[in-house]
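Descriptive analysis of the structure
Here is how the chains run, residue by residue.
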Amino acid sequence: MTTEHKKQAKKARSVVDLRQDILVTLFTNEQARGRDVETRRAGGPDDTAVRRIRVLCAVLSTVTAMTIGVLAPTAWSIVKTCCGGSVQPVLAIFFITWALLAGLVAWQISIVLR
């Protein structure tokens with residue numbers, strides 16, 4: 001991996017970490033909670049609230065999927081380096097965090113489809 005890739009990976013890792021924390025704790029988790037509240041609401045869920053939650057999660061899943069795509073070249077560079085046995089721990093953490101974004105997308109889509 002070139003020095004430039006290492007710089008990109010470090011920058012991307014901090015962006016992914018921050019983005020993941022924000023999305024999981026503030027947006028996705030809140031939407032999942034809101035969806036659960038609506039499901040349990042006496043008299044049935046409020047259609048407007050459910051629609052809002054679905055739209056927000058659809059947007060979140062789109063942004064997360066785009067992030068996965070944008071960071072894919074850096075992740076692929078890390079995989080190629082890893083196979084050579086010379087990966088640095090910070091790059092491995094970036095790759096793991098990047099891969100976990102797929103789970104975040106799946107969670108967001110599951111909220112949309114509930």
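Thresholds applied
- Residues numbered from 1 in each chain as written.
- Predicted model: local features only at pLDDT ≥ 70, side-chain atom pairs only at ≥ 80, totals over all residues.
- Heavy atoms only, no water.
- Helix = DSSP H or I, 4+ residues; strand = E, 2+ residues; numbered from the N terminus.
- Buried < 20%, exposed > 50% of the residue type's maximum accessible area, 1.4 Å probe, protein only.
- Areas by Shrake-Rupley, 256 points an atom, 1.4 Å probe, with all protein chains shown as cover.
- Phe/Tyr/Trp six-rings, centres within 6.5 Å; stacked < 30°, edge-to-face > 60°.
- Core = buried A, V, L, I, M, F, W, Y, C linked by side-chain atoms within 4.5 Å.
- Contact = heavy atoms within 4.5 Å.
- Salt bridge = Lys/Arg side-chain N within 4 Å of Asp/Glu carboxyl O.
- pLDDT = per-residue confidence, 0-100.

1. Here's the deal with the overall build of the chain
- Helix and strand counts for the chain stand at three helices and zero strands.
- Order of helices (α) and strands (β) in the chain, N terminus to C terminus: α-α-α.
- The proportion of buried residues among the 114 residues of the chain is 31%.
- Looking at the chain as shown, the accessible area adds up to about 6800 Å², and 66% of this sits on carbon and sulfur atoms.

2. Remarks on the packing of aromatic side chains
- Summed over the entire model, instances satisfying the criterion amount to one aromatic pair.
- For the ring pair Phe-95 and Trp-98, a centre distance of 5.7 Å and an interplane angle of 35° mean the geometry is tilted. Residue Phe-95 and its partner Trp-98 are located together in helix H3 (residues 89–113), separated by three residues, close to a single helical turn.
- For Phe-95, a relative accessible area of 27% translates into the label partly exposed.

3. Notes on the nonpolar core
- Counting ten residues, the largest nonpolar core is built from Ile-68, Leu-71, Ala-75, Ile-78, Leu-91, Phe-94, Trp-98, Leu-101, Leu-104 and Val-105.
- Looking at this core, the elements that each hand over two or more residues are helix H2 (47–83) and H3.
- Of all the elements, H3 adds the most residues to this core, at six residues.
- Other than its neighbours up to four places away in sequence, Val-105 contacts Ser-61, Thr-64, Ala-65 and Ile-68.

4. Observations concerning the pattern of salt bridges
- Overall, the coordinates contain three salt bridges when judged by the stated rule.
- Linking Arg-114 and Asp-36 is a salt bridge whose minimum nitrogen-to-oxygen distance equals 2.8 Å. With Arg-114 in the segment after H3 and Asp-36 in helix H1 (residues 3–40), this pair connects stretches of sequence that are 78 residues apart.
- Judged by its relative accessible area of 36%, Arg-114 falls in the partly exposed class.
- Asp-36 gets classed as partly exposed once you look at its relative accessible area, which sits at 28%.
- Among the ionic pairs, Arg-41 bridges to Glu-38, the shortest N-O distance being 2.6 Å.
- Given the relative accessible area of 6%, Glu-38 is considered buried.

5. Things to note about the confidence of the model for the chain
- In the predicted model, the chain carries a mean pLDDT of 82, and 75% of its residues have values of at least 70.
- When mean pLDDT is taken per element in the chain, H2 scores highest with 87 and H1 scores lowest with 74.

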